[in-house]
Amino acid sequence: MKILVINAGSSSLKYQLIDMTTEGVIAKGNCERIGTPESSITHNTADGKKFKYDVYFPTHTEAFEKLVEVLTTGEGKVVDDLSEISAVGHRIVQGGKYFSESVLVTDEVKKIISSISDLAPLHNPAHIQAIEACQKVLDKSVPQIVVFDTAFHQTMPPKAYMYALPYEYYEKYQIRKYGFHGTSHRFVTARYAELTGSDITTKKIVTCHLGNGSSISAVDGGKCVDTTMGFTPLDGLIMGTRSGAVDPSVVLYIMKNQNLTPDEMNDLLNKKSGFLGLSGTTSDSRDLIKAADEGSVPAQIAVRMLRYQIKKYIGAFAAAMGGLDAVVFTGGIGENSDSLREEVCTDMEFFGLKIDLDKNQKLNRGEGKISADDSKIEAWIIPTNEELLIARDTKKIVEGLNK
């Protein structure tokens, strides 16, 4: 079975074609800058070939049509016919309170995804466009599955997901914590159980998805009980361009003194804050660490802030769960920054967590346990693979349809 995994952003359409017999990637790529004259598609095949085509994509439909073209024709061809694609799996950012698991696309499912677009205005409309583009280009018999970033976090209890606002806003506007990166948190949780041979229902784990966007989740018995991102992906940790959690009064104070509109304030918090806002130069953690090492005080503060916040959340979530068996690091920063993992885990022996410095450095960018042999709490690096999890969910649902 070959499954096409689609991850549609507001102006992008990332894809992977995966052979589920081996779970190997046949080809992957990205349609970028959709809707602008600078739009293009990059296409990489499993045998190492790389292609880039400058093509104007007015909408996601034209981008999907070109995606299909490069998969089936020309030098980057990897399948002879569209009929070889058994199903399509879509990443959906926001499923609201309606979806706690992956589901088959129906008209009703599309309607619900559209109805909560206000909760993810940059993403949900793009997801619908991608689904409809697939329906237009592919045979109607090809099943499409949607996998929600928020689904994994639907097991949080009200005490974790509610805000202390008038209850009518929850009822009227669905204002609550939803959490994001759920596909990644779910993947590494399952992978931890696989690597350790443990019964996940008996484990208390803190999963740290750290990248340009970052979130941490408390996973008790395989279920999420709390997470750092909230109503939107802006909450929680400091990120590349996002502020993370701030006192709401700070927002009001800045808006008043800078005479900012809500849209302008939203832009400041989401696109001009975080690493970029503090350092004044970069949103990339690698460049930030380099600047910090070269003596930039703002960069040093930004680096320390992220590591301090991660350590703090690990302790908080351990307390919330009443114990801790393992900490998992994943995402671009989590997998690749041995200095971050070292600093987060240093001085945690009182807590039962002791890192092995040699393992931590040797396993950088790899997979494995980095805690010391005598550590009561395990620490792991586990590379995430959201696309594979989407493909696995898609395969499972499709096989259920065929029974």
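That block above? That's the structure.
Since the model is a prediction, treat every value here as computed from it, not as a measurement. Residue numbers run consecutively from 1 along every chain, following the written order of its sequence. For this predicted model, a pLDDT threshold of at least 70 governs which residues receive local features, and a threshold of 80 or more governs which side-chain atom pairs are given and counted, while totals over whole chains, interfaces and linings are taken from all residues. For the side-chain quantities, the full set of heavy atoms in the structure was used; hydrogens and water were omitted.

S.K.: Any chance you could explain the sheet that holds strand E7 (residues 103-104) here in plain terms?
M.R.: Pairs of strands are assigned from DSSP output, requiring at least two bridges between the strands. Numbering of helices and strands runs from the N terminus, with a helix taken as a DSSP run of H or I at least four residues long and a strand as a DSSP run of E at least two residues long. What the 8 strands build is an open sheet, ordered E5-E4-E3-E2-E1-E6-E8-E7; its pairing is mixed. Looking at strand neighbours, the two that pair on one side only are strand E5 (50-54) and E7, the edges of this open sheet. As judged from the 7 bridges shared by strand E2 (residues 13-19) and strand E3 (residues 24-32), these two strands associate in the antiparallel manner. Counterpart to Leu13 in the pairing with E3 is Cys31. Its contacts with the sheet put helix H3 (residues 124-137) on strand E1 (2-8), E2, strand E6 (85-92) and strand E8 (144-148), and the angle it makes with E6 is roughly 170°. Contacts between residues were defined by any pair of non-hydrogen atoms, one from each residue, lying within 4.5 Å. Axes, fitted as lines to C-alpha atoms, cover a helix only where it is in contact. Angles between the N-to-C directions of the axes lie from 0 to 180 degrees. In this fold helix H15 (residues 386-401) packs onto E1, E2, E6, E7 and E8, with an angle of close to 125° to the strand it touches most, E6.

S.K.: Please explain H15 as it appears in this structure.
M.R.: An α-helical segment advances 3.6 residues per turn. Residues three or four places apart therefore align on the same side. In a helix, the anticipated span is given by 1.5 Å times the number of residues less one. Along its 16 residues, H15 runs 23 Å from first to last C-alpha, staying within 8% of the 22 Å computed at 1.5 Å per residue. Summary of the burial criterion: residues with accessible area below 20% of their type's maximum are buried, those above 50% are exposed, and those between are partly exposed, where the area comes from a 1.4 Å probe applied to protein chains only. Residues of H15 that are buried include every one of Glu386, Leu388, Leu389, Ile390, Ala391, Asp393, Thr394 and Val398, and no others. Looking at the packing, one finds that the buried side of H15 touches E1, E2, E6, E8, helix H6 (182-196) and strand E9 (204-209).

S.K.: Honestly, the pairing of strand E10 (residues 215-220) in this entry has me stumped. Any pointers?
M.R.: Regular strands have side chains that alternate between both faces of the sheet. Counting buried positions along E10 yields 5 of 6 residues, so the element is predominantly enclosed. Two strands pair when backbone bridges link them, and E9 and E10 are joined in this way by 6 bridges, in the antiparallel orientation. Bridging from a neighbouring strand, Val206 pairs with Ala218 of E10. Hairpin connection, E9 to E10: the antiparallel pair is bridged by 5 residues.

S.K.: Sorry, what's going on with the packing of helix H11 (residues 297-321) against helix H13 (residues 338-345) here?
M.R.: Geometrically, a packed helix pair is captured by the angle between its two axes and the distance between the axes. Contact geometry of H11 with H13 gives a least axis separation of 9 Å together with a crossing angle of 50°. Considering their axes alone, H11 and H13 lie oblique with respect to each other. For the crossing formed where H11 meets H13, the hand is right-handed. Facing H11, whose interface residues are Arg304, Leu306, Arg307, Ile310, Lys311 and Ile314, H13 presents Ser339, Leu340, Glu343 and Val344. Angle categories: roughly parallel below 35 degrees, roughly antiparallel above 145, roughly perpendicular from 65 to 115, and oblique for all the rest. Note on convention: the crossing is left-handed when the near helix lies turned anticlockwise from the far helix by less than a right angle, right-handed when the turn is clockwise.

S.K.: What should I look at first to understand the state of the cysteines in this one?
M.R.: Cysteine pairs can be linked by a disulfide, which is a covalent bond between their two sulfur atoms. Throughout, disulfides are identified as pairs of cysteine sulfur atoms within 2.5 Å of each other. By the definition in use, this model includes 0 disulfides. For Cys134, which is in no disulfide, the shortest distance to another cysteine sulfur is to Cys31 and amounts to 11 Å. Cys345 takes part in no disulfide bond, and the closest cysteine sulfur, belonging to Cys208, lies 8.4 Å away.

S.K.: Please clarify how unusual backbone geometry should be interpreted in this entry.
M.R.: Where the residue is not glycine, phi is negative for most of them; where a peptide bond is considered, it is trans in most cases. For Glu23, which is not glycine, the phi torsion reads 60° and is therefore positive. Residue Glu23 is classed as partly exposed on the basis of its relative accessible area of 32%. Even without a glycine there, the phi angle at Asp347 is positive, about 65°. For Asp347, the position within the fold is in the loop between H13 and helix H14 (357-362). Classification of Asp347 as exposed rests on a relative accessible area of 58%.

S.K.: Explain a nonpolar patch on the surface to me, please; I cannot follow it from the model alone.
M.R.: Here a patch means residues that are over 30% exposed by relative accessible area and free of salt bridges, tied together within 9 Å if like-charged and within 5 Å if nonpolar (Val, Leu, Ile, Met, Phe, Trp, Tyr). Accessible surface is estimated by sampling points in the Shrake-Rupley manner with a 1.4 Å probe; for residues, cover comes only from the protein chains shown. Salt bridge criterion: a side-chain nitrogen from Lys or Arg within 4 Å of a carboxyl oxygen from Asp or Glu. On the surface, Leu278, Val297, Ile301 and Met305 cluster together to form a nonpolar patch covering roughly 310 Å² of accessible area. Mapped onto the elements of the fold, Met305 is located in helix H11. The exposure class assigned to Met305 is partly exposed, which follows from its relative accessible area of 30%.

S.K.: Is there a simple way to explain the environment of Thr346 in this structure?
M.R.: Examined against the element boundaries, Thr346 turns out to sit in the loop between H13 and H14. On a C-alpha basis, the gap between Thr346 and Leu357 in space is 9.7 Å, while along the polypeptide they are 11 residues apart.

S.K.: Help me understand the environment of Cys31 in this model?
M.R.: For Cys31, the position within the fold is in strand E3. Exposure remark for Cys31: the relative accessible area of 0% places this residue in the buried category. Cys31 sits 345 residues away from Lys376 along the chain, and the two C-alpha atoms are 46 Å apart. When sequence neighbours within four positions are dropped, the list of residues in contact with Cys31 reads Ser11, Ser12, Leu13, Ser40, Ile41, Phe57 and Ala63.

S.K.: It is not clear to me how the pattern of salt bridges should be interpreted in this structure. Could you clarify?
M.R.: Once their charged atoms are close, side chains differing in charge can pair, the charge on each being opposite to the other. Per the stated rule, a full pass over the model turns up 22 salt bridges. Across the pair Asp47 and Lys49 runs a salt bridge whose closest N-O atoms are separated by 4.0 Å. Classification of Asp47 by relative accessible area gives exposed; the value is 57%. The partner of Arg191 in a salt bridge is Glu194, and the shortest N-O contact between them spans 2.9 Å.

S.K.: Where do I start with the side chain of Asn360 in this structure?
M.R.: Residue placement: Asn360 occurs in helix H14. Among residues more than four places away in sequence, those in contact with Asn360 are Asp338, Arg341, Glu342, Ile355 and Ile370.

S.K.: Teacher, can you tell me more about the nonpolar core here?
M.R.: Grouped burial of nonpolar side chains is what soluble globular proteins tend to show. With 34 residues, the main nonpolar core has Cys208, Ile310, Ile314 and Phe329 as its most contacted residues. Going through the elements one at a time, E9, E10, helix H10 (285-293), H11, strand E12 (326-330), H13 and strand E14 (378-381) are the ones with two or more residues in this core. Looking at which element gives the most residues to this core, the answer is H11, with 9 residues. Residues belong to one nonpolar core when they are buried, are Ala, Val, Leu, Ile, Met, Phe, Trp, Tyr or Cys, and are joined through side-chain atoms within 4.5 Å. Core analysis: the second largest hydrophobic core is formed by 29 residues, Ile205, Ala326, Val328 and Val398 among them.

S.K.: What am I meant to see in helix H7 (residues 248-258) here?
M.R.: Each polar contact in these results corresponds to two N or O atoms within 3.5 Å; when the atoms are within protein, one needs to be able to donate a hydrogen and the other to accept it, and residues that are neighboring in sequence are counted only if both atoms are side-chain atoms. The N-capping residue of H7, defined by a side-chain oxygen 2.9 Å from the backbone nitrogen of Ser249, is Asp247. One or two steps after H7, the chain reaches Asn259, where phi turns positive at roughly 55°.

S.K.: Please explain the pairing of strand E4 (residues 40-45) as it appears in this structure.
M.R.: In terms of strand pairing, E3 meets E4 through 6 bridges, oriented antiparallel. When the bridges of E4 are listed, Cys31 appears paired with Ile41. Where E4 and E5 come together, 5 bridges link them in antiparallel fashion. Within E5, the position partnered with His43 by the bridge is Phe51. The loop that links E4 with its antiparallel partner E5 comprises 4 residues; one of these, Gly48, has a positive phi angle of about 95°.

Function cannot be read off these values alone, since they describe shape.
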